[in-house]
Amino acid sequence: MKKEILLSGIPASPGITMGEVFLLDKEEIGIKKRRLEKTEVEKEIQRFENALQRTNEELQVIKERIGKRIDPEQTKIFDAQLLILEDEVIKGEVERRIREEKINAEWIYKKTIEKTVNSISSSRDEYLKERVYDIEAVSERLLSNLLGKRRIALDKIKRKAVLMAHSLSPGDLVNIRKEKISGFATEVGGGTSHVALLAKSLGFPAVVGLKDALRRIDRGDFVIIDGDRGLVILSPTEKTVYQYEKRQKDLLKQKRKLFRLKSLPGETEDGRKIEIQANIELIEDIEEALRYGAEGIGLYRTEYLYLAKSELPSAQEQKKAYQTIVDKMYPNPVILRTFDLGGDKFAGEKTDMVEANPFLGWRAIRVCLDVPELFKVQLRAMLEASVRGNLKIMFPMVSGVEELKEAKSVLDQVKEELESQGIGFDQTIELGIMMEIPSACLMADSLATECDFFSIGTNDLIQYTLAVDRGNERVAHFYQSFHPSVLRLIKQTVEAAHRNGIWVGLCGEMAANPLATVLLVGMGIDELSTSPLSIPQIKRIVRSVNFSQAKEFAQKVLETTDLQHIKRLLEEDYKRRFGAEEIICLY
């Protein structure tokens with residue numbers, strides 16, 4: 001008998017399932033370097049193009065299945081993969097190198113893709129980094145076709161099981177049937193990857209990022225997948241199974257209850273309005289945001305427009321995307337954050353510099369100000385999409401007043417150009433900034449006189465305040481959302497905003513943490529923007545709070561200098577409101 005083992009990963013899709021393991025052992029694609037004779041070069045290029053065509057046809061079939069099985073909107077995931085496959089820059093480089101180096105296609109293609117993956121992996125933006133899994137899924141499919149290897153057919157699984165794999169692609173998921181697979185866990189992947197998005201749409205509980213967990217698991221082992229907490233329990237005891245079966249029933253009741261709140265406003269018991277909005281990356285996320293009761297889009301990460309593109313999206317492409325979001329959400333507000341990308345994405349446009357420290361390097365608003373022609377294209381598209389009056393613009397990574405004034409000057413230039421051409425836009429469009437650098441929080445009074453709103457990005461604010469790279473396992477435990485210094489910066493920022501007559505929101509992961517909600521309300525936050533799935537729970541907490549009492553509670557927390565004491569205060573307050581049972585689900 002195996003002992004119970006708890007494996008910790010990243011929550012990818014909510015829900016709980018349990019059952020026997022079906023272990024998906026993907027064979028590593030071995031590629032050997034092979035020299036070509038001069039007479040073989042054109043045949044090799046044709047072989048590469050044939051593999052591209054076969055891969056394209058396979059993805060089109062998968063896309064059609066997804067459209068029929070789930071929702072036509074979800075097929076855009078495969079549009080992204082097709083863009084990767086059809087990328088003319090990558091295709092051109094592979095064919096050029098085959099001709100010049102006279103090396104076999106699969107070797108050249110693998111090396112070319114590795115260069116692209118390394119570039120994206122160095123990005124500060126977690127969402128963009130997770131797009132690596134799409135690139136790898138496409139390249140694996142293409143390499144399999146080049147080598148004539150057959151892919152594993154997941155629809156051939158004979159009896160119901162829990163799927164465990166090193167990795168899965170969106171194409172793999174389309175072949176999974178609920179009557180055969182009840183959920184899955186993978187060693188790699190992120191919470192906003194396309195696999196995670198599809199798992200949510202398909203209703204599969206899922207955990208990703210389990211690292212080297214498969215070495216501990218055998219086919220036929222019994223496991224529990226906890227997609228809410230990001231846990232996999234291997235060989236659970238009878239007691240653990242009983243507890244999870246009970247929790248499954250309790251969660252189902254809770255979700256039904258929470259879902260009834262979706263049409264109610266985010267408002268405290270004594271009438272203070274707190275806007276509960278959604279963070280999104282893809283246009284198809286809008287439907288989910290509306291389904292869970294979002295009162296607007298508090299953060300649209302426009303970087304998704306770079307997904308699988310080797311060139312900058314045109315003004316028209318951008319305007320079309322922004323207009324779609326604005327129209328679907330109207331009359332609710334939509335906040336578009338300008339590109340928060342590192343300098344590596346602009347290589348060739350301005351520089352080929354390598355970022356020694358990408359977290360502190362040439363990125364976001366810094367790039368946009370150094371390359372104003374690129375910045376203007378995006379601002380023009382945003383302004384042209386603003387005519388309905390519900391669009392707001394937000395600049396990321398602003399560190400001081402001079403930077404904000406310079407960015408506003410570029411925005412004014414674009415406005416003047418549109419006016420001179422007789423092109424309409426919202427003349428009273430609101431402009432905000434991300435408060436995610438300590439220097440900005442310390443200068444909040446001055447910055448507040450130059451914009452219409454603040455949005456506190458707690459993910460980076462915590463990282464920069466505590467000097468912690470949370471991706472570094474050695475120091476990740478220092479990354480603490482409730483560190484007294486972080487809370488004081490948030491409070492200072494809120495007070496400065498209100499002193500100067502502007503509103504302030506919060507759009508980092510702290511907005512999704514139920515333990516933080518009462519504290520943030522008490523600090524005076526006007527808006528919380530989080531993942532759509534978190535909205536009902538956060539809305540319930542807001543509606544259970546008396547604002548005057550929340551202010552007293554926040555003051556008590558802010559007077560505390562001990563981190564563990566702060567955590568205890570937050571947990572005790574949550575238990576008092578919702579019971580001891582429920583707090584277990586938060587960890």
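For the structure, see preceding data.
Residues numbered from 1 in each chain as written. Predicted model: local features only at pLDDT ≥ 70, side-chain atom pairs only at ≥ 80, totals over all residues. Heavy atoms only, no water.

Within this structure, the stated rule accounts for 31 salt bridges. Note that D226 and R247 form a salt bridge whose closest N and O atoms lie 2.8 Å from each other. Here D226 is found in strand β7 (residues 222-226), whereas its partner R247 is found in helix α9 (residues 238-259), with 21 residues between them in sequence. You'll find D226 and R247 in the same group, each marked buried. Taking the shortest distance from any N to any O, the salt bridge between R576 and D573 comes out at 2.9 Å. (Salt bridge = Lys/Arg side-chain N within 4 Å of Asp/Glu carboxyl O. Helix = DSSP H or I, 4+ residues; strand = E, 2+ residues; numbered from the N terminus. Buried < 20%, exposed > 50% of the residue type's maximum accessible area, 1.4 Å probe, protein only.)

Counting 97 residues, the largest nonpolar core has Y322, I393, F395 and F454 as its most contacted members. Beyond its immediate chain neighbours, meaning those up to four positions away, I393 contacts L336, T338, L379, M382, L383, L411, I429, E430, L431, G432 and F453. (Core = buried A, V, L, I, M, F, W, Y, C linked by side-chain atoms within 4.5 Å. Contact = heavy atoms within 4.5 Å.)

Before going further, it helps to examine the sheet that holds strand β8 (residues 231-234). The mixed open sheet is built from eight strands, whose spatial order is β1-β8-β7-β3-β4-β5-β6-β2. Two strands in the sheet have a free side with no partner beyond their single neighbour: β1 (5-8) and β2 (10-13). Strand after strand, the sheet turns through a mean of 30° between neighbouring axes, direction not considered. As paired elements, strand β3 (residues 16-24) and strand β4 (residues 161-165) share four bridges and run parallel to each other. Across the sheet, residue V21 finds its bridge partner in β4, namely V162. Along the sheet, α9 makes contact with β3, β7 and β8, crossing β3 at roughly 120°. (Pairing = 2+ DSSP bridges. Axes fitted to C-alpha atoms, helices over the stretch in contact; angles between N-to-C directions.)

Attention now moves to the environment of I535. Among the secondary structure elements, I535 is positioned in helix α20 (residues 535-543). Classification of I535 by relative accessible area gives buried; the value is 0%. Through-space distance from the C-alpha of I535 to that of A278 is 7.5 Å; in sequence the pair is 257 residues apart. With near-sequence residues (within four places) excluded, I535 lies in contact with I276, Q277, A278, Y292, G293, A294 and T530.

Within the fold, D87 resides in the loop between α2 (76-85) and α3 (88-101). Among the residues examined, D87 registers a relative accessible area of 8% and is labelled buried. From its side chain, D87 meets the backbone nitrogen of I90 in a polar contact 3.0 Å long. (Polar contact = N/O pair within 3.5 Å; in protein donor to acceptor, adjacent residues only side chain to side chain.)

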